[in-house]
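Residue-level structure breakdown
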Amino acid sequence: MKIIQAKNILFENKNSILSCTLDGKVYSPVHCIALFPLSLPEKYISVFIEKDQEIEEIGIINDLTEFNEEQRNIILKAIKERYFVPEIIDIKNISTKYGGRKKTGMCEINASTDRGPKIIHIFNPRENITLNSNGVIMITDIQRNRYKITNVDKLSEKARRNLDLIML
Amino acid sequence: MSSAKKNNSDSEKKIPEFLLEAFKKYHPKEKILFYAESDISNHRKFGNEWLVVSDNHITVFQKDSSSIFPSHDIKITSIKKAKISPQVGSMSIIIEPKHGSNFKLISFSQSLNQLFALAVDNINALVENLPLVVTGGILPSLCPSCNNPIPPELNKCPRCTDRKNTLLRISQFTRPYRMTLVLILLVMILSTAFGLLTPYMSKVFIDVIFKKDPVTGNFTNSLWLGPAALTLLFAYAMQMFLSGIQERLSGSLGFRTVADVRQKLYDKLQELSLAFFDKHQTGALLSRVNQDTQEMQRLLVDFIPVSIESLFMFIGIGIFLFILSWELTIFILIPIVCIVFFVKTIIPKMWIFFHRFFHRRSKLSAVVADSISGIRVVKAFGQESYETKKFKKYSLEYRDSGIELVKKWSLFHPLFHLLIMSGMVIVWYVGGKLVFSGKMTLGSVVAYSGYLMMFYRPIFMLVRMLDMISNALSAAERVFDIMDCEPLIKDSSDAIPLTEIEGKIEFKNVSFGYDKFRPVIKNLSLNINPNEMIGLVGRSGAGKSTMINLICRLYDPDKGEILLDGKDLRKIKQSDLRSKIGIVLQDSFLFNGTIFENILYSKPNATREEVISAAIAANAHEFIIKKPDAYDTEVGERGNNLSGGEKQRISIARAILRNPNILILDEATSSVDTQTEKKIQEAIEKLIKGRTTIAIAHRLSTLRKCDRIIVMKNGEIAETGTHKELMEKKGLFYELVKIQSEMSKIILTDDTNNIAGMKKAINGKSDDYGNRENGESNFEELQ
């Protein structure tokens, strides 16, 4: 495992193409992914290039806090670029068209996410809303788009109550 | 391009005005061929961007609060090709220009991938000067009732399923049992009538039989006591008897109907193509067959009969209450309204605590099951205290949820009963006043209180049943959703039967991807001659197994065609095609049953002699006869009672018994030891004689006997030739052999060192472990 030190690498984003210079060598275009996107989204970032559909890893960044703000923002943007799993920050309402308990059937979540407001349609929440072992709630909508709630305690009391109704 | 040009005016008509205006600003003279709307903005937020393509330009527009402007505007002649790059949760169109680096054109979510795949096909068609796949707006079809996009894979709006239709469909399944249904209704009406008679009898007792003559002071109607008591007994008896009959009838109706539904669902599952199973988790499908049909059964056996019965009761008792005293009934409405409110709004809040309690209970049992079944691992890693801590955490959570439930229940439950009893208080207070004023008799008040107690049940049941029925209908919808799926692979109406075949297979410009936007096989052409043995080689994901899936017609190619003896696979009856193919997979799946039954699976009408001969040919007979129950040995769930090599040989025996013209070996000898591999190789050599054979092999040395080796890379043929030719060529195959030989050397060295170390530790001295059978593999041998 090759650990990249912040002082040895410089990221640049020109015309939406990310490149980096590591130990004097320029890599372009490079991509960044979080190795633990759910449990440690800002640590252990793999930096790699793609060649003929194969991934060639340049190295791993241990912690984004080692970087200055400008560099950190470039890396975070690159991660966001690849990883589109909106974080639900509030649930305004959960409704079902037909009444009845909401854990089965189709339900509609009116949510605020870090990528903007979204009406999420979930079929059979019992199967499509899961709590994984590191406490993150993953929601999969009818078109297989995924959403996450990293820390359920940060949701409002009302949002949590709504979520309880369909999750439990 | 000509076909596209025909639709120019149409496409421009469909394009929104603001977009047309924006495009014309930059390219006033160009005609728009097609456009698509994305659902992710340039800032990776939910929002829109628009891809507009004319005969000369590809333009992407984005919008801010005041204006619409292009983020990309490129000439079609400047690009080499467009492709879709899948990321996590979203995708992008990547443009490969003739000069310079690739760049991202537009991003979109999973919901739009099929549409943008069409857009990419279109762009590439323009680049190559081919006819367009589609013109105009490449937009999702919208549901006419809710205006939301309809997911292409569902073909119908999942948000707008009409529940009346679902009920109608369920009732269609009860059609063969119409007489039973009529009987159930009849019995219900009679049972309700007898039920309604019983409280009325208390009025008869009090107001008639126990009434003294005001003049003589005697009970003048005392003779009626016996017959009245008998009438009451009869009413009770009839009510019980009829409810027994009703239970029996609706029970049998439910079981029969749901057995029919389950059978139909299972038949459909067997009929559906493999692509359907790729998109649905096994667990979810199992739950469709077991739990959802069970829920439908409860709907027919419990919910609907109880609801109908409650409705009869509600109407019947309501009439009696009004007859006995309409004034009192108005007062009674006050607690009834409160009870309905309580059942509808307060009780559902209680369900959260019940569900939380059940949920934590099941989590705790899962933790216990996990740790007990994995006790060897726990002990081996000395993690007992970790497991104990984990158990304690879940156990405390379960305890707390139980305490929370009891606390809430102890608050709501007495309140609910108080509401019910307050109705009784009103009856005695208001009823008492009516008795004093002579508007009601004492008997009527007693009868009234009896009816009132009966009245709560149907109210409670009707309110609860609405939820229950709604849930069961959701389950029914999920079942019907599967029943409505159409298999992607179907016999065409002009499918021809296949009798004898030579076994010539041709791939003609075949392209295929499990997701349309991600081709796994790319424009592949290949001829396989009858009785030829072909080895398929390549890294994982190169497309080897996909080629096999296509030959077996588990999927149809997206482009091009596959021919068997010159006939397109799509024109051949599926059952005939599969009867000509025998397959030995890496993961030999055995069904729960005996060894004999498992071999017989490929040819159910085979004789015992044929099965034994197949087992002998597969080198399986010798291990089978060592088992105490020989061919009657139970293989266990998924064949768990047998070793990997044993399962593999049974799987080969299965293929031998089928006597196929085309034989497919998908890494048939991987994950077995060398001794077993030798036996399996021997069996395979017997098997391949006189058949077209396609072998995917992990161990490249096993391919030396192939007539031809096809080396696959990224869905294309990278090299072709015999083992010798390819080794001499020193290309990709040579590299793969080299890597494998080095890997086996490393593993060998590591294993030998480990074993030597272990021996040293055990014996206290160094020991040469000697020659291992597995250690024979080296580069020279592989060559």
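All values reported here derive from a predicted model rather than from experimental measurement. (Residues numbered from 1 in each chain as written. Chains lettered and ligands numbered in written order. Predicted model: local features only at pLDDT ≥ 70, side-chain atom pairs only at ≥ 80, totals over all residues. Heavy atoms only, no water.)

1. A look at the overall build of chain B
When helices and strands are counted, chain B shows 23 helices and 18 strands. Here the C-alpha atoms of chain B give a radius of gyration of 38 Å, more than 25% beyond the 28 Å that 2.2 N^0.38 yields for 783 residues. With the C-alpha coordinates aligned to their principal axes, the bounding extent of chain B is approximately 130 × 85 × 60 Å. Classification of the 783 residues of chain B by burial places 47% in the buried group. Summarising the internal contacts of chain B: among those between residues at least 6 apart in sequence, 68% fall at separations of at least 24. By element, 58% of the accessible surface of chain B is carried by carbon and sulfur atoms, the whole surface being about 40,700 Å². Charge centroids of chain B, computed over 99 positive and 83 negative side chains, lie 5 Å from each other. (Helix = DSSP H or I, 4+ residues; strand = E, 2+ residues; numbered from the N terminus. Rg over C-alpha atoms; globule rule 2.2 N^0.38 Å. Buried < 20%, exposed > 50% of the residue type's maximum accessible area, 1.4 Å probe, protein only. Contact = heavy atoms within 4.5 Å. Areas by Shrake-Rupley, 256 points an atom, 1.4 Å probe, with all protein chains shown as cover. Lys, Arg positive; Asp, Glu negative; His and termini not counted. Charge placed at Lys NZ, Arg CZ, Asp CG, Glu CD.)

2. Points about the overall build of chain A
For chain A, the count of helices and strands is three helices and 13 strands. For chain A, the C-alpha atoms occupy an extent of roughly 65 × 35 × 30 Å along the three principal directions. Counting the 168 residues in chain A, one finds 47% classified as buried. For chain A, the share of sequence-separated contacts (at least 6 apart) that also reach a separation of at least 24 residues comes to 39%.

3. Considerations on the sheet that holds strand E9 (residues 505-512) of chain B
All names here are of chain B. Reading across the sheet, the four strands line up as E10-E9-E12-E13 and stay open at both edges, with antiparallel pairing between neighbours. Two strands in the sheet have a free side with no partner beyond their single neighbour: strand E10 (521-528) and strand E13 (567-568). Note that strand E12 (residues 559-564) and E13 share two bridges and pair antiparallel. Bridging from a neighbouring strand, leucine 563 pairs with aspartate 568 of E13. Relative to the sheet, helix H14 (residues 544-551) contacts E9, E10 and E12, its axis offset from that of E9 by approximately 115°. (Pairing = 2+ DSSP bridges. Axes fitted to C-alpha atoms, helices over the stretch in contact; angles between N-to-C directions.)

4. Digging into the confidence of the model for chain A
Residue and element names in this part refer to chain A. Here chain A averages 85 in pLDDT, while 92% of its residues score no lower than 70. Element-level pLDDT for chain A is lowest in helix H2 (residues 125-128), with a mean of 78, against a maximum mean of 93 in strand E13 (residues 146-149). Confidence over residues 98-104 falls short of pLDDT 50; this stretch has 31 contacts with residues more than four positions distant or in other chains. (pLDDT = per-residue confidence, 0-100.)

5. Let's talk about a negative patch on the surface
A cluster of acidic side chains, namely Glu597, Asp629, Asp632 and Glu634 of chain B, defines a negative patch on the protein surface. Relative to the helices and strands, aspartate 632 of chain B resides in the loop between helix H18 (621-624) and helix H19 (644-658). (Patch = residues over 30% accessible without salt bridge, like charges linked within 9 Å, V, L, I, M, F, W, Y side chains within 5 Å. Salt bridge = Lys/Arg side-chain N within 4 Å of Asp/Glu carboxyl O.)

6. Quick notes on the environment of serine 71 of chain B
Mapping serine 71 of chain B onto the fold places it in strand E4 (residues 68-75). What serine 71 of chain B contacts, discounting residues up to four positions off in sequence, is Val60 and Gln62 of chain B.

7. Some details on helix H1 (residues 69-82) of chain A
Given 3.6 residues per helical turn, the α-helix brings residues three or four places apart onto the same face. For H1 of chain A, which comprises 14 residues, the first-to-last C-alpha distance of 20 Å matches the rise-based estimate of 20 Å (1.5 Å per residue) to within 8%. Those residues of H1 of chain A that are buried are in contact with strand E2 (9-14), strand E3 (17-22), strand E5 (31-34), strand E6 (43-51) and strand E7 (54-63) of chain A. (Expected span 1.5 Å × (residues − 1).)

8. What about the packing of aromatic side chains?
Inspection of every chain in the model, using the stated rule, returns 25 aromatic pairs over all chains. Seen from their ring centres, phenylalanine 36 of chain A and tyrosine 44 of chain A are 5.6 Å apart, and the 75° between their planes marks the pair as edge-to-face. Classification of phenylalanine 36 of chain A as partly exposed rests on a relative accessible area of 39%. On the basis of an interplanar angle of 80° and a centroid distance of 5.2 Å, the ring pair of phenylalanine 18 of chain B and tryptophan 50 of chain B is categorised as edge-to-face. Placement of phenylalanine 18 of chain B in helix H3 (residues 17-26) and of tryptophan 50 of chain B in strand E2 (residues 49-54) is noted, with a sequence separation of 32 residues between them. An aromatic cluster is present here, built from Phe354, Phe357, Phe358, Tyr398 and Trp409 of chain B joined pairwise through their rings. Looking at lysine 118 of chain A, its charged tip hangs above the ring of phenylalanine 46 of chain B, at a distance of 4.9 Å from the centre. (Phe/Tyr/Trp six-rings, centres within 6.5 Å; stacked < 30°, edge-to-face > 60°. Lys NZ or Arg CZ within 6 Å of the ring centre and 35° of its normal.)

9. Regarding the sheet that holds strand E11 (residues 129-131) of chain A
All names here are of chain A. Pairing within the open sheet is antiparallel, and its three strands lie in the order E11-E12-E13. Looking along the sheet, the strands with just one partner apiece sit at the ends: E11 and E13. Taken pair by pair, the neighbouring strands of this sheet meet at an average axis angle of 20°, ignoring direction. Note that E11 and strand E12 (residues 137-140) share three bridges and pair antiparallel. Within the sheet, the bridge partner assigned to leucine 131 lies in E12 and is isoleucine 137. Against the sheet, helix H3 (residues 157-167) engages E11, E12 and E13, with an angle of about 100° to E11.

10. So, the state of the cysteines
Within this structure, the stated rule accounts for zero disulfides over all chains. Unpaired in this structure, cysteine 32 of chain A has its nearest cysteine sulfur neighbour in cysteine 20 of chain A, at a distance of 7.6 Å. This cysteine, cysteine 706 of chain B, is not joined by any disulfide, and cysteine 552 of chain B carries the nearest cysteine sulfur, 17 Å off. Since its relative accessible area comes to 6%, cysteine 706 of chain B is described here as buried. (Disulfide = S-S within 2.5 Å.)

11. Description of the side chain of arginine 649 of chain B
Residues and elements named next belong to chain B. Tracing the sequence through the fold places arginine 649 in helix H19. For the buried arginine 649, which has no salt bridge, the nearest side chain bearing the opposite charge is glutamate 622, at an N-O separation of 5.0 Å. Arginine 649 has contacts with Ala618, Asn619, Ala620, Phe623, Thr676, Lys679 and Ile680, leaving out every residue within four places of it along the chain.

12. Structural notes on the nonpolar core
As a rule of thumb, nonpolar side chains are buried together in soluble globular proteins. All names here are of chain B. Counting residues in each nonpolar core, the largest one holds 46 residues, and the members touching the most others are Ile599, Ile652 and Phe733. Examining the composition of this core, we find that six residues originate from one element, H19, more than from any other. Residues in contact with isoleucine 599, not counting those within four places in the same chain, are Val611, Ala615, Ile624, Tyr631, Ile650, Ala653, Arg654 and Leu657. Grouped together as the second largest cluster of nonpolar side chains are 36 residues, Ile339, Val343, Phe354 and Phe357 included. (Core = buried A, V, L, I, M, F, W, Y, C linked by side-chain atoms within 4.5 Å.)

13. Quick word on H19 of chain B
For H19 of chain B, spanning 15 residues, the distance from its first C-alpha to its last is 22 Å, which sits close to the expected 21 Å at 1.5 Å a residue. Where burial is concerned, most of H19 of chain B is hidden: 13 out of the 15 residues are buried.

14. Details of the pattern of salt bridges
Following the criterion strictly, the structure yields 26 salt bridges over all chains and no others. With a closest N to O distance of 3.4 Å, lysine 571 of chain B and aspartate 494 of chain B form a salt bridge. Taken as a pair, lysine 571 of chain B in the loop between E13 and helix H15 (574-579) and aspartate 494 of chain B in the loop between helix H13 (442-483) and E9 lie far apart in primary sequence, 77 residues in all. Here lysine 571 of chain B falls in the partly exposed class, since its relative accessible area comes to 38%. Its salt-bridge partner being lysine 627 of chain B, residue glutamate 646 of chain B comes within 3.5 Å of it at the nearest N-O pair. In this pair, glutamate 646 of chain B is assigned in helix H19 and lysine 627 of chain B in the loop between H18 and H19, connecting sequence segments 19 residues apart. In terms of burial, glutamate 646 of chain B and lysine 627 of chain B fall into one category: buried. A single salt-bridge network, built from bridges that share partners, covers Asp153, Glu157 and Arg160 of chain A.

15. Observations concerning the pairing of strand E17 (residues 708-713) of chain B
Residue and element names in this part refer to chain B. Among the six residues in E17, five count as buried, and that is most of the element. Here strand E11 (residues 533-537) pairs with E17 via four bridges, running parallel. Bridging from a neighbouring strand, isoleucine 534 pairs with arginine 708 of E17. With five bridges joining them, E17 and strand E18 (residues 716-721) adopt antiparallel strand pairing. Among the inter-strand pairings, isoleucine 710 is bridged to a residue of E18, identified as threonine 720.

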